[in-house]
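Residue-level structure breakdown
Listed below are the residues making up each chain.
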Amino acid sequence: MIQSKQRFQTLALAATVFAVTCCAIAPAVAQTNEFPNKTIKIVIGFTPGGATDTVGRQIAISFSKILCQSVIVENIGGASGVIGTDAMVRAEPDGYTFAVVFDTHGVNQSLKEKMPYDTKKDIANVTLIGTSPMVLVASKSSGISSFKQLVDETRAGKNLSYGTIGAGSLGHLAMATLAKKSNFEWTHIPYRGGGPMMADALAGHVPLAIGSIFLIKPHIDSSRVAPLAVTSTQRSKDLPNIPTIAESGFPGFDAPAWWGVIAPVKTPPEMVRKMHQAMVVVLKRADIAKKLDDQGIDILAGNPETFNTFLDKQMNIWGKIVIDNKIREN
């Protein structure tokens, strides 16, 4: 049985409690008298309905079955995930509070002047869930139908604007990187989320938009926007006919969206290990794998050490871009 409750405050906070009557316990994470023996909370630093929220809730349902415990999903939106992550950081580090984060997690430390926590010092990385290409699209009214055309028109002096889900978002940083390296004159239009951005792209108010496959692919499928390129080094299996930016004259270009699970830094390592093992079991389930695949996510199930290395690289790459381009949040 799944029971739901929601409460809305200025931070757009919502919670859902998952309880199950049967368990599918993997031997590696079998329930013991020590852990888990009470409700687990997963914090999501974004409002309900987006890709991170969807990923977190899918995982929570399977967690409750595997660990034989109720799992609460609590949405605490705001500040590109910072407010929710801070709530997790301040929670009791007893192994019962975790958070699902998005790629903004690797940018916020460089982007924001005052952070309530240190991304590297105050957080234990549990599992790198997976990555997904972002996709750059053009509105129908722009007349642009290929990445080559976009580059040609830009080099001919046409100043185009592009929409992202916000200043300092990975889409913004990816486009800023491309523009800086190529001396392109593109104007950034930050939106407060993917919904408003795509509404303007569909209406032709902004000629270009960049976002996750989860956000944009439905509009590609309905032929309402023109896909130009993806930001990964390899083509997306979800959009196999769409070239990468790397193969379109910008070798080495790579800007994947990603998702991960984190915990307060003082969470006992044994509990972090058990949660990671549970995550691996969840991510290998055929139903979860399909749901994430349908969202364009390539599952990695990376362990804490893999996640540490990945996050360090992301923070170094995008932190430099933020500084070099003097980018500040909205």
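You'll find the structure just up there.
This report concerns the structure included in the present document. (Residues numbered from 1 in each chain as written. Predicted model: local features only at pLDDT ≥ 70, side-chain atom pairs only at ≥ 80, totals over all residues. Heavy atoms only, no water.)

1. Quick notes on the side chain of Thr-85
Position of Thr-85 among the secondary structure elements: in helix α2 (residues 82–89). Within the local environment of Thr-85, its side chain forms a polar contact with the backbone oxygen of Gly-81, the two atoms lying 2.9 Å apart. For Thr-85, the residues in contact, after removing those within four places along its chain, are Val-101, His-105, Tyr-117, Ile-123 and Ile-262. (Helix = DSSP H or I, 4+ residues; strand = E, 2+ residues; numbered from the N terminus. Polar contact = N/O pair within 3.5 Å; in protein donor to acceptor, adjacent residues only side chain to side chain. Contact = heavy atoms within 4.5 Å.)

2. Some thoughts on the sheet that holds strand β9 (residues 186–190)
Read from one edge to the other, the open sheet built from 5 strands follows the order β9-β8-β10-β7-β11, with strand pairing classed as mixed. This sheet does not close on itself; its edge strands, each paired only once, are β9 and β11 (225–230). This sheet shows a mean twist of 30° between the axes of neighbouring strands, independent of strand direction. Bridge count for strand β7 (residues 134–139) against strand β10 (residues 208–212) is 5 bridges, and the pairing is antiparallel. Bridge pairing links Met-134 to Ser-212 in β10. (Pairing = 2+ DSSP bridges. Axes fitted to C-alpha atoms, helices over the stretch in contact; angles between N-to-C directions.)

3. Some details on the environment of Ser-70
Looking at the secondary structure, you find Ser-70 in the loop between α1 (51–67) and β4 (71–76). Along the backbone, Ser-70 and Thr-39 are 31 residues apart, and their C-alpha atoms lie at a distance of 5.0 Å.

4. Topic: the packing of aromatic side chains
The final tally for this structure, using the stated rule, is 8 aromatic pairs. Each ring, one from Phe-147 and one from Phe-250, has its centre 5.9 Å from the other, and the planes form 85°; the classification is edge-to-face. Placement of the pair is Phe-147 in helix α4 (residues 147–155) and Phe-250 in the loop between β11 and β12 (257–264), with a sequence separation of 103 residues. Looking at Phe-147, the relative accessible area reads 3%, which means it is buried. For Phe-250, a relative accessible area of 12% gives the class buried. Note on Phe-184 and Phe-250: the rings are 6.2 Å apart at their centroids and 80° apart in plane angle, and the pair reads as edge-to-face. Linking Phe-184 in the loop between α5 (170–182) and β9 with Phe-250 in the loop between β11 and β12, this pair joins segments that are 66 residues apart in sequence. Relative accessible area serves as the criterion here: at 7%, Phe-184 is assigned to the buried category. Stacked on the ring of Tyr-96, the Lys or Arg Lys-38 has its end atom at 5.0 Å from the ring centre. (Phe/Tyr/Trp six-rings, centres within 6.5 Å; stacked < 30°, edge-to-face > 60°. Buried < 20%, exposed > 50% of the residue type's maximum accessible area, 1.4 Å probe, protein only. Lys NZ or Arg CZ within 6 Å of the ring centre and 35° of its normal.)

5. Regarding the nonpolar core
Soluble globular proteins tend to bury their nonpolar side chains together. Residues Phe-63, Ile-129, Phe-147, Leu-150, Trp-186 and Leu-208 are the most contacted members of the largest nonpolar core, which totals 67 residues. Listed in part, the 17 residues of the second largest apolar core include Val-43, Ile-76, Ile-123 and Trp-258. (Core = buried A, V, L, I, M, F, W, Y, C linked by side-chain atoms within 4.5 Å.)

6. A short note on empty space enclosed by the protein
Tallied over the entire structure, the rule returns 1 cavity of 30 Å³ or more. Roughly 60 Å³ of internal volume is contained in the largest cavity. Together, 13 residues line the largest cavity, and Phe-46, Ser-80, Gly-81, Thr-85 and Val-101 are the ones closest to its centre. Take the lining of the largest cavity: its biggest share by element is 3 residues, from strand β5 (residues 97–102). For the lining of the largest cavity, the per-class residue count stands at 6 nonpolar, 7 polar and no charged. (1 Å grid on protein atoms, 1.4 Å probe; cavity = no way out; pocket = protein on both sides within 12 Å on 5 of 7 lines; lining within 4 Å. Points joined across faces, edges and corners; volume = space filled by probe spheres on them. Nonpolar A, V, L, I, M, F, W, Y, C, P; charged D, E, K, R; others polar.)

7. Some thoughts on the layout of surface pockets
Quantified by volume, the second largest pocket comes out at close to 270 Å³. Every residue lining the second largest pocket is counted, 14 residues in all, and those nearest its centre are Gly-252, Asp-254, Ala-255, Ile-317 and Trp-318. Breaking the lining of the second largest pocket down by element, the ones donating at least two residues are α5 and α10 (304–324). Per element, the largest residue contribution to the lining of the second largest pocket is 6 residues, and it comes from α10.

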